[in-house]
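Remarks on the overall topology
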Amino acid sequence: MTDVGQTRTSSTPEKGAEGGNPVTRGLRALRLFVSQILDELSKVVRPTRAELTQYTVVVIVFVAVMMALVSGMDLGFSRLVDLVFGD
């Protein structure tokens, strides 16, 4: 017995609630996915040419510094190994 104001809901979805056959549901899901991608891409703020150039220079300088650091450490460790174990 249900109280007044309460409705019974079934745990199984109605036949038309899912949208038909699997191909139709798949195409509908694909269309939703693509529309969500386009909505998110419209929110992206693209850098100006000056910002892009600045970011590129910063990355190149950082990579060059890291390469120099790793190369220096490699050279130092190889010399240290030569001193300890001989040639």
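This text follows the structure it describes.
Residues numbered from 1 in each chain as written. Predicted model: local features only at pLDDT ≥ 70, side-chain atom pairs only at ≥ 80, totals over all residues. Heavy atoms only, no water.

On to the overall build of the protein chain, then. On a plain count of helices and strands, the protein chain comes out with two helices and zero strands. Counting only residues that meet the buried cut, the protein chain has 1% of its 87 residues in that class. Element-wise, carbon and sulfur atoms account for 65% of the exposed surface of the protein chain, whose accessible area totals about 8600 Å². (Helix = DSSP H or I, 4+ residues; strand = E, 2+ residues; numbered from the N terminus. Buried < 20%, exposed > 50% of the residue type's maximum accessible area, 1.4 Å probe, protein only. Areas by Shrake-Rupley, 256 points an atom, 1.4 Å probe, with all protein chains shown as cover.)

For helix α2 (residues 49-85), with 37 residues, the first-to-last C-alpha span of 53 Å sits near the 54 Å given by 1.5 Å per residue. Directly after α2, the chain includes Gly 86, whose backbone phi takes a positive value near 75 degrees. (Expected span 1.5 Å × (residues − 1).)

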